[in-house]
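Structural description and commentary
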Amino acid sequence: MAAEKSDDPIEAMLSSQASDPEHPPGTPANPVETPAEQPPSEEKPPSEKPKREAREPRSPPLRPPTHSEAHLEVRPIGTPLGLRELAALHKRTWKMLNVQEKRVHVLLWPLAIHFGLYSVGQGSERRRPPLIGAFWARCLADAPLTLGHLYPAQLFKGMLASEVFEFGGMVIDPNYQGKGLVKMMSDTARLFVFSRRPKLLITNPIEPLYEMYKQLGLKTVGREPVEHPHAFNVKVWLMYGRFDEMSKPYFM
């Protein structure tokens, strides 16, 4: 006897799934592949970053400059050897001029800042270059002026000792045949003045160097040179300059 059909739709659905051999109970009609059932994808290994090759430095290491011919360089003098070379240059130069310095003048050398002009030749960077010119600068706060007592006292009124500088000891090797020595020496002196900016500059050049100092803007005390008290057979000019007046033509 055939079973009577049920009017319950849920029961009818369950009975229809049970009679379907391709879709057993508990299996969806349109099954979806789970991630576990999907074929494994071929994963590529992470690409390794290429190693950077060592680069050469963009610029070569610093080396002393090389020159094709002899040239002049300004260097400070402060070693015992440098001071001995300076003394020898003074003796050699003053001897040709029949000038002899007194010992008291040389004793003040260690209290000054010495500038030396050296002739550096081709390929001689490793050898000690010869000293061909020099001068010194000294502050009144460190040592007395060489000829300060010969200047009018009004010139120093209202100034501190640290504001007064003296130039001296300018010497040039008479056997030097090169060019540009006097210009480099005057440029070096001018740059020193601009860097220290003393209110008053005192100097006592010998007669052959008078014109060079005059080009720096220095003025003269008196109309004639005077006998140098610390050197025999030599006359010097009493010169001075104020920084605010000397620097006006050069400020840019």
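Check the entry above for the structure.
The sections below set out a description of the structure shown in this document. (Residues numbered from 1 in each chain as written. Predicted model: local features only at pLDDT ≥ 70, side-chain atom pairs only at ≥ 80, totals over all residues. Heavy atoms only, no water.)

Within the protein one finds six helices and nine strands. Relative to its full complement of 252 residues, the protein shows a buried share of 35%. Put simply, of all contacts in the protein between residues at least 6 apart along the chain, 74% involve residues at least 24 apart. For the protein, the exposed surface amounts to about 18300 Å²; the carbon and sulfur share of it is 56%. (Helix = DSSP H or I, 4+ residues; strand = E, 2+ residues; numbered from the N terminus. Buried < 20%, exposed > 50% of the residue type's maximum accessible area, 1.4 Å probe, protein only. Contact = heavy atoms within 4.5 Å. Areas by Shrake-Rupley, 256 points an atom, 1.4 Å probe, with all protein chains shown as cover.)

Right, let's get into the sheet that holds strand β7 (residues 219–227). Taken together, the seven strands give an open sheet; going across it, the order is β1-β3-β4-β5-β6-β9-β7, and neighbouring strands pair in mixed fashion. Across the chains shown, the open sheet's two edge strands, defined by having one partner strand only, are β1 (71–77) and β7. Each neighbouring strand pair of the sheet contributes to a mean axis angle of 20°, computed without reference to strand direction. Pairing geometry for strand β5 (residues 164–172) and strand β6 (residues 200–203), over four bridges, is parallel. Bridge pairing in β6 links F165 to L201. (Pairing = 2+ DSSP bridges. Axes fitted to C-alpha atoms, helices over the stretch in contact; angles between N-to-C directions.)

Attention now goes to empty space enclosed by the protein. Here the idea is plain: a probe the size of a water molecule rolls over the atoms and shows the empty space left. Under the definition given, this model contains two cavities of 30 Å³ or more. If you add up the space inside the second largest cavity, you get close to 40 Å³. What lines the second largest cavity is R190, V193, F194, L216 and M246. Per-element tally for the lining of the second largest cavity: the top contributor is helix α4 (residues 181–196), with three residues. (1 Å grid on protein atoms, 1.4 Å probe; cavity = no way out; pocket = protein on both sides within 12 Å on 5 of 7 lines; lining within 4 Å. Points joined across faces, edges and corners; volume = space filled by probe spheres on them.)

Our focus in this paragraph is the pattern of salt bridges. Under the defined criterion, the tally for this structure stands at eight salt bridges. Of the charged contacts, one joins R138 and E166 as a salt bridge, the two residues approaching to 3.5 Å between their closest N and O atoms. Within this pair, whereas R138 is found in strand β4 (residues 131–139), its partner E166 is found in strand β5, the two being separated by 28 residues in sequence. For the pair R138 and E166, a shared accessibility class is recorded, and that class is buried. Across the pair R190 and D187 runs a salt bridge whose closest N-O atoms are separated by 3.0 Å. Taken as a pair, R190 and D187 lie in helix α4 at a separation of three residues, close to a single helical turn. What makes R190 buried here is its relative accessible area of 17%. Using a relative accessible area of 26% as the deciding quantity, one classes D187 as partly exposed. The network of salt bridges with shared partners includes K183, D187 and R190. (Salt bridge = Lys/Arg side-chain N within 4 Å of Asp/Glu carboxyl O.)

In this section: helix α2 (residues 80–96). Helical geometry: 3.6 residues make up each α-helical turn, so side chains three or four residues apart lie on a common side. Taking 1.5 Å per residue, 17 residues should reach 24 Å; α2 reaches 25 Å between its end C-alpha atoms and fits that length. Within the span of α2, buried status applies to G82, L86, L89, H90, T93 and W94. Projected down its long axis, α2 carries its buried residues within an arc of 120°, all on one side. Projecting away from the buried face of α2 at angles above 90 degrees are the exposed residues P80, R84, K91 and K95. (Expected span 1.5 Å × (residues − 1). Arc of directions from axis to C-beta.)

Time to look at the nonpolar core. Grouped together as the largest cluster of nonpolar side chains are 42 residues, with contacts concentrated most on F167, I202 and Y213. Elements represented by at least two residues in this core include exactly β3 (113–120), β4, β5, α4, β6, α5 (210–215), β9 (235–242) and α6 (243–246). Each residue touching I202, except ones within four places of it in the same chain, is listed here: L145, Y151, L155, F156, V164, F165, E166, F167, M239 and Y240. Counting ten residues, the second-largest nonpolar core is a separate cluster that includes L89, W109, L131 and A134. (Core = buried A, V, L, I, M, F, W, Y, C linked by side-chain atoms within 4.5 Å.)

Describing an aromatic ring pair means giving the distance of the ring centres and the angle of the ring planes. Applying the stated criterion to the full structure yields eight aromatic pairs. When the ring of Y151 is compared with that of F156, the centres are 6.5 Å apart and the planes differ by 80°; the resulting orientation is edge-to-face. The interplanar angle of 80° and the centroid separation of 6.2 Å between the aromatic rings of F194 and F243 together place this pair among those described as edge-to-face. Remark: F243 occurs in helix α6 and F194 occurs in helix α4; sequence separation between them is 49 residues. Note on F194: relative accessible area 25%, which makes it partly exposed. In this structure an aromatic cluster arises from ring pairing among F115, F135, F165, F167 and F192. Seen from the ring of W136, R138 lies directly overhead, with NZ or CZ sitting 4.0 Å from the centre. (Phe/Tyr/Trp six-rings, centres within 6.5 Å; stacked < 30°, edge-to-face > 60°. Lys NZ or Arg CZ within 6 Å of the ring centre and 35° of its normal.)

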